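Descriptive structure summary
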Amino acid sequence: MTSPTPCGRFAPSPTGLLHPGSLLAAFGSWLLARHHDGLWRLRIEDVDPPRTVPGAAQSQLQTLAAFGLIHDGPIFWQSSRGEAYQAALDVLLASDLAFVCHCSRSDLAANGGIHHRCVARQLRPDPAVRFRVPPGSVVTFDDGLRGPQRQDVHAEVGDFVLRRADGCWAYQLAVVVDDAEQGVTEVVRGADLLDSTARQILLQQALGLPVPRYWHLPLLLDAPGHKLSKSLAASPVDSTQPLPVLRQLWQLLGQDLAALESTHDLDTLLAAARNAFDPARLPRSDILI
């Protein structure tokens, strides 16, 4: 059997403009994919309509283009992927790996919000659907940056939601289905999503899907230690001056700035970055800026 083509992806949620932390993840995933002569996919994770900001997705796409981060293949829009998510959910329901649940947050409050058994006090008109996580569901994986990881999903997370009571698809199911469909082999994203990985691996195993390699990049934090994209001091990236921004991100990714010193246009800089990128230099801890 031949190995799959290396493939990375960037999957922003259209909840606002791209901030430096988001662009850092985009640049890091692009670099790793291109370093391995692989593909780089783009996906808009607009699966949660209440959080979607009108015009944000188009603004994000324009920003990526301004920085020369051009994707391969069609863009996936999660808002149009309902049939694929339903097909995966039907497989899980048919195999009793998923179940209908009427529990509300208040029903589960006594157990810290963790679902181990249904304790609903009344039936809901539109119940959620959860993934069944039995005792002993321990997931281990080797993160490309943070090394060996272990999570007891039953004890720490419990049965998790696949389709919400409001009818929206849960992130965990959508991302697993889409990564498989887009042929993603390398998931490079921010460390704030490290905790989701074990749940996604459980779903991949249950659906018979490939498990990609995971790399969780450091977060950019402000002085009080808040994630920069959530900070009041955070500003969108300046797409009118891509070269100095990319040089700064290159340094934040632990790379040798000297490799980009002789570059004076966007194409030359990106080509030099692609050739000089060294995954071993990626930082392992979060960054204060």
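It should be noted that the structure appears before, not after, this text.
Predicted model, so just to flag it, every value in this text is computed and none were measured.

Conventions adopted
Residues numbered from 1 in each chain as written. Predicted model: local features only at pLDDT ≥ 70, side-chain atom pairs only at ≥ 80, totals over all residues. Heavy atoms only, no water. Phe/Tyr/Trp six-rings, centres within 6.5 Å; stacked < 30°, edge-to-face > 60°. Helix = DSSP H or I, 4+ residues; strand = E, 2+ residues; numbered from the N terminus. Buried < 20%, exposed > 50% of the residue type's maximum accessible area, 1.4 Å probe, protein only. Contact = heavy atoms within 4.5 Å. Axes fitted to C-alpha atoms, helices over the stretch in contact; angles between N-to-C directions. Parallel < 35°, antiparallel > 145°, perpendicular 65-115°, else oblique. Nonpolar A, V, L, I, M, F, W, Y, C, P; charged D, E, K, R; others polar. Core = buried A, V, L, I, M, F, W, Y, C linked by side-chain atoms within 4.5 Å. Pairing = 2+ DSSP bridges.

1. Focus: the packing of aromatic side chains
With the rule as written, the count across this model stands at 4 aromatic pairs. With 5.2 Å between their ring centres and 35 degrees between their planes, phenylalanine 131 and phenylalanine 160 make a pair best called tilted. With phenylalanine 131 in strand β5 (residues 128-131) and phenylalanine 160 in strand β8 (residues 160-163), this pair connects stretches of sequence that are 29 residues apart. Under the relative-accessibility criterion, phenylalanine 131 is labelled buried at 4%.

2. Observations concerning the side chain of glutamine 151
Looking at the element boundaries, glutamine 151 is found in strand β7 (residues 147-152). Among the residues examined, glutamine 151 registers a relative accessible area of 8% and is labelled buried. Discounting residues that sit within four places of it in the chain, glutamine 151 has contacts with Ser137, Val138, Val139, Glu156, Val157, Asp195 and Ala198.

3. Some thoughts on the packing of helix α1 (residues 20-35) against helix α8 (residues 242-252)
Between two packed helices, what matters for the description is the angle formed by their axes and the separation of those axes. The N-to-C vectors of α1 and α8 enclose an angle of 75 degrees; their axes lie 10 Å apart at closest approach. Taken together, the axes of α1 and α8 lie roughly perpendicular to each other. Only Val245, Leu246, Leu249, Trp250 and Leu252 of α8 make contact with α1, whose side of the interface consists of Pro20, Leu23, Leu24, Phe27 and Leu31. In terms of residue class, the contact of α1 with α8 is made up of 10 nonpolar, no polar and no charged.

4. Re the nonpolar core
Membership of the largest hydrophobic core comes to 41 residues, with the highest contact counts inside it found for Leu23, Phe27 and Leu69. Where this core is concerned, the elements lending two or more residues are α1, β2 (39-44), α2 (56-66), β10 (213-217), α8 and α9 (266-276). With 9 residues, α1 is the single largest residue contributor to this core. In this view, leucine 23 contacts Leu64, Phe67, Leu69, Val237, Val245 and Leu249; residues no more than four positions away in its chain are not counted. Of all hydrophobic cores here, the second largest spans 31 residues; its members include Val175, Val187, Leu194 and Leu202.

5. Thoughts on the sheet that holds strand β4 (residues 98-101)
The sheet built from 3 strands is open, its strands ordered β4-β5-β8 with antiparallel pairing. At either end of the open sheet lies a strand with only one pairing partner, and these are β4 and β8. Within this sheet the neighbouring strands show an average axis-to-axis angle of 45 degrees, counted without direction. Both β5 and β8 contribute to a ladder of 3 bridges, which runs antiparallel. Within β8, the residue paired with valine 129 across the bridge is arginine 163.

6. Regarding the environment of proline 74
In this fold, proline 74 is placed in the loop between α2 and β3 (76-77). Since its relative accessible area comes to 58%, proline 74 is described here as exposed. Through-space distance from the C-alpha of proline 74 to that of leucine 42 is 7.6 Å; in sequence the pair is 32 residues apart. Other than its neighbours up to four places away in sequence, proline 74 contacts Leu42 and Gln182.

7. Let's talk about the sheet that holds strand β1 (residues 7-10)
With parallel pairing, 3 strands are arranged side by side in an open sheet as β1-β2-β3. Only two strands of the sheet have a single partner each, and these edge strands are β1 and β3. Where β2 lies against β3, 2 bridges are found, and the strand directions are parallel. Opposite isoleucine 44, over in β3, you have tryptophan 77 as the bridge partner.

All quantities given are derived from atomic positions and should not be read as evidence of function.
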